[in-house]
Amino acid sequence: MKITKEQFDKLQSENISKKEYDEIIRLIDDRFGEVVSLVNKNLVWFVYGNHDYNSADDEGWFDPKGFSEHISIGGEGNFPEPFCYSDQGFGFIYTRWLWTDDDVILKEYAAEVAEAKREREAAKSLAKQKREELKARKAAMKEIIKSKLTKEELKYIKFKL
């Protein structure tokens, strides 16, 4: 069940009662599980990224200040780029997804994963192009050097490529 942005913002209010705070945190915990399961069905298990790996019972907790933009995810599994990087844990989701419709989340998630893949492929392609250009420059330099030396002088030189 989605929470509302207003409920989330109320966590920062000085006028929130302990009962209201606990209820909103419970809703956030439920929605966190829904969203993580929605975007990544291949996880073995997951908890909040701030959990204690040394304790089998610790599932972490929602930290309203620490998770204001992103919610880190711990556990066992992996996320694709760009959702695989986190200060804690092995991945993250956007906090705003707690109050976002599932279809919007899925579209955004898919678009960002596809964009990261395109960027990674473009970087690979650029690196390959640079390697090829360097190889061509080295070959051209080798030919220039060879043209300036005699056959006798070339016997004493080994080229590194």
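Definitions and limits used
- Residues numbered from 1 in each chain as written.
- Predicted model: local features only at pLDDT ≥ 70, side-chain atom pairs only at ≥ 80, totals over all residues.
- Heavy atoms only, no water.
- Helix = DSSP H or I, 4+ residues; strand = E, 2+ residues; numbered from the N terminus.
- Rg over C-alpha atoms; globule rule 2.2 N^0.38 Å.
- Buried < 20%, exposed > 50% of the residue type's maximum accessible area, 1.4 Å probe, protein only.
- Lys, Arg positive; Asp, Glu negative; His and termini not counted.
- Charge placed at Lys NZ, Arg CZ, Asp CG, Glu CD.
- Contact = heavy atoms within 4.5 Å.
- Salt bridge = Lys/Arg side-chain N within 4 Å of Asp/Glu carboxyl O.

Tell me about the overall build of the chain, and please be specific about residues and values.
Helices and strands together make up the secondary structure of the chain, namely 4 helices and 3 strands. For the chain, the α and β elements follow one another from N to C terminus as α-α-β-β-β-α-α. Here the C-alpha atoms of the chain give a radius of gyration of 27 Å, more than 25% beyond the 15 Å that 2.2 N^0.38 yields for 161 residues. Structurally, the chain occupies a C-alpha span of about 90 × 35 × 30 Å along its principal axes. Across the 161 residues in the chain, those meeting the buried criterion constitute 28%. A distance of 16 Å separates the average location of the 28 positive side-chain charges in the chain from that of its 31 negative side-chain charges.

Please provide a residue-by-residue account of the side chain of Thr100, values included.
Topologically, Thr100 is positioned in the loop between strand S3 (91–94) and helix H3 (102–148). Residues in contact with Thr100, not counting those within four places in the same chain, are Lys2, Arg31 and Ile105.

Tell me what's going on with the pattern of salt bridges, and back it up with residues and numbers.
A full pass over the atoms with the stated rule returns 13 salt bridges. Here Asp30 ties to Arg26 by a salt bridge, and the two come within 3.0 Å at their closest N and O atoms. Here Asp30 pairs with Arg26, and both are found in helix H2 (residues 18–39), just 4 residues apart, close to one helical turn. Connected through salt bridges with shared partners, the residues Glu23, Arg26 and Asp30 form a single ionic network.

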